[in-house]
Amino acid sequence: MIYHFAPVQGHTDAPYRHFHADIYGAETNYYTPFIRLERGDLRSRDLKDFSSELNEGTHLIPQIIFRNEEELSTLVQILKNKGVHEIDLNMGCPFPLQTGHGRGAATVANEELAKAVAKTVNENDEISFSVKIRLGLNLPDEWRQLIDSLNHTKLTHIAVHPRVARQQYSGDLYFDEFAKILNESANPVVFNGEIHTPQDIDNIFDKFPGIGGIMIGRGLLARPSLIKEYLSGKEWSRAERVSEMIRFHRILLDYYSATLCGDSQIISKIKPFWEYAENEIGRKSWKAIKKASNIAKYHSAVATIDV
């Protein structure tokens, strides 16, 4: 079974991925936050993250986002020229800033683009492709416009978050639609969505024994030890989880302190570490960290976390 750490913009940059793998083990596939074109080339920050020496030692797969065949082909060619052998195609981002421009989840019901995706994958057989999707933009059966084309390609997997884009990250999961994709897909299917505990992983494997893996994003940001706990066969106590999370934070903070310029840069970079961790560290500490306006107040806030 394969485990994937879904990329989250503003959180899972190269330092985060590097130190997460170092502390919690490298049994996980990591992905870059989505790479897109800007003035016909890669954005400089995407290139910096993708090219970082901190990526060495992790299984890192670049993820690209596109709105038409031209953007798709250009991005694939650029990455191929950089020696890439694996690419993940983001057809699931739910944010209006992307869907409003025809990218992410807005591509699921685009039959012409689906054909272009199949063509691109089949013409670049030296590259292993995977696809991440939502069920659709507005309706949970829009994936049917895509699946036939994907079935005419060889993919490492299709990661499915069984919601539509307009739900963002709330509301019920459409398990029935996920089951239909699992049944109809010629490629391995990976489950993504609302996994927060080792028991959640077990529940998904029990519910869908034919899946090819698990993908977790926000659940791992909230509980970085989640996959390590599951693979060890032992759920950690809260004290064990938080103690190791604080160690992870300290190492990451030391890195940012050594490489960034000034307290404001450091604090803006490190505060997102705790964004999804309210349940782990307690609301009082979480709110204090969120409100911290300088590095001294930030350190004081972190010190209030009860281990």
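Conventions used here
Residues numbered from 1 in each chain as written. Predicted model: local features only at pLDDT ≥ 70, side-chain atom pairs only at ≥ 80, totals over all residues. Heavy atoms only, no water. Helix = DSSP H or I, 4+ residues; strand = E, 2+ residues; numbered from the N terminus. Core = buried A, V, L, I, M, F, W, Y, C linked by side-chain atoms within 4.5 Å. Buried < 20%, exposed > 50% of the residue type's maximum accessible area, 1.4 Å probe, protein only. Contact = heavy atoms within 4.5 Å. Pairing = 2+ DSSP bridges. Axes fitted to C-alpha atoms, helices over the stretch in contact; angles between N-to-C directions. Parallel < 35°, antiparallel > 145°, perpendicular 65-115°, else oblique. Nonpolar A, V, L, I, M, F, W, Y, C, P; charged D, E, K, R; others polar. Right-handed = clockwise from strand over helix to strand, strands pointing away. Arc of directions from axis to C-beta. Expected span 1.5 Å × (residues − 1).

What about unusual backbone geometry?
Part 1 of the reasoning: Backbone geometry places Q168, a non-glycine residue, at a positive phi of 55°.
Part 2 of the reasoning: With respect to the helices, strands and loops of the structure, Q168 is situated in the loop between β9 (158–164) and α7 (175–184).
Part 3 of the reasoning: Positive phi is not limited to glycine here, since E194 has a value of about 55°.
Part 4 of the reasoning: Within the secondary structure layout, E194 lies in the loop between β10 (189–192) and α8 (198–207).

Focus on the nonpolar core
Part 1 of the reasoning: Of all hydrophobic cores here, the largest spans 85 residues; its most connected members are I64, L89, I133, I214, W274 and Y298.
Part 2 of the reasoning: With 7 residues, helix α11 (residues 238–259) is the largest single contributor of residues to this core.
Part 3 of the reasoning: The contact partners of W274, leaving out residues within four places of it in the chain, are M245, I246, H249, I281, W286, I289, Y298, V302 and I305.
Part 4 of the reasoning: Counting residues in hydrophobic clusters, the runner-up holds 6 residues, among them A6, A159, V190 and M215.

Here's the deal with the sheet that holds β9
Part 1 of the reasoning: Spatially, 9 strands are ordered β5-β2-β1-β11-β10-β9-β8-β7-β6 in an open sheet, and the strand pairing comes out parallel. Single-partner strands in this sheet number two, and they are β5 (59–61) and β6 (63–65). With strand direction ignored, the average angle separating the axes of adjacent strands in the sheet is 30°.
Part 2 of the reasoning: Here β6 pairs with strand β7 (residues 86–91) via 3 bridges, running parallel. For I65, the partnering residue across the bridge sits in β7 and is N90.
Part 3 of the reasoning: Strands in contact with α7 are β8 (128–136), β9 and β10; relative to β10, the strand with the most contacts, it is inclined by about 165°.

Re the packing of helix α14 (residues 283–291) against helix α15 (residues 295–303)
Part 1 of the reasoning: Taken N-terminus to C-terminus, the directions of α14 and α15 make an angle of 170°; their axes are 8 Å apart at the nearest point. Regarding the angle of α14 to α15, the classification is roughly antiparallel. In contact with S285, A288 and I289 of α14, α15 contributes Y298, A301 and V302.
Part 2 of the reasoning: Residues that form the contact of α14 with α15 fall into these classes: 5 nonpolar, 1 polar and no charged.

Here we look at the side chain of H157
Part 1 of the reasoning: Structurally, H157 can be placed in the loop between α6 (144–150) and β9.
Part 2 of the reasoning: Those residues in contact with H157 that sit more than four places away from it in its chain are H4, Y31, D88, F129, S130, V131, P188 and V190.

Quick notes on the pairing of β10
Taken residue by residue, a regular strand's side chains alternate between the two faces of the sheet.
Part 1 of the reasoning: Along β10, one buried face is formed by V189 and F191 and the opposite face, lined by V190 and N192, is buried too.
Part 2 of the reasoning: One ladder, built from 3 bridges, connects β9 with β10; its direction is parallel. Bridge pairing in β10 places V160 opposite F191.
Part 3 of the reasoning: Across 3 bridges, β10 lies against strand β11 (residues 213–216) in parallel orientation. Across the sheet, the residue bridging to V190 is G213, located in β11.
Part 4 of the reasoning: One crossover worth recording links β10 to the parallel β11 by way of α8, and it is right-handed.

Side note on the environment of E278
Part 1 of the reasoning: Mapping E278 onto the fold places it in helix α13 (residues 278–281).
Part 2 of the reasoning: Judged by relative accessible area, which is 24%, E278 ranks as partly exposed.
Part 3 of the reasoning: The sequence separation of E278 and L231 amounts to 47 residues, and the corresponding C-alpha distance is 24 Å.
Part 4 of the reasoning: What E278 contacts, discounting residues up to four positions off in sequence, is R283 and W286.

Notes on the environment of E56
Part 1 of the reasoning: Mapped onto the elements, E56 comes out in the loop between α2 (44–51) and β5.
Part 2 of the reasoning: Residue classification places E56 among the exposed positions, given a relative accessible area of 61%.
Part 3 of the reasoning: Spatially, the C-alpha atoms of E56 and E177 are 37 Å apart, while their sequence positions differ by 121 residues.

Topic: α7
In an α-helix, one full turn covers 3.6 residues, which means residues spaced three or four apart are oriented alike.
Part 1 of the reasoning: Among the residues of α7, E177, F178 and I181 are the ones counted as buried. Each buried residue of α7 sits inside an arc of 105° when the element is viewed along its axis, so together they form one side.
Part 2 of the reasoning: Summarising the contacts, the buried residues of α7 are in contact with β8, β9 and β10.

Digging into helix α5 (residues 111–123)
Part 1 of the reasoning: Compared with an ideal rise of 1.5 Å per residue, which puts 13 residues at 18 Å, α5 spans 18 Å between its outermost C-alpha atoms and is within 8% of the ideal.
Part 2 of the reasoning: For α5, the complete set of buried residues consists of L113, A114, A116, V117, A118, T120 and V121.

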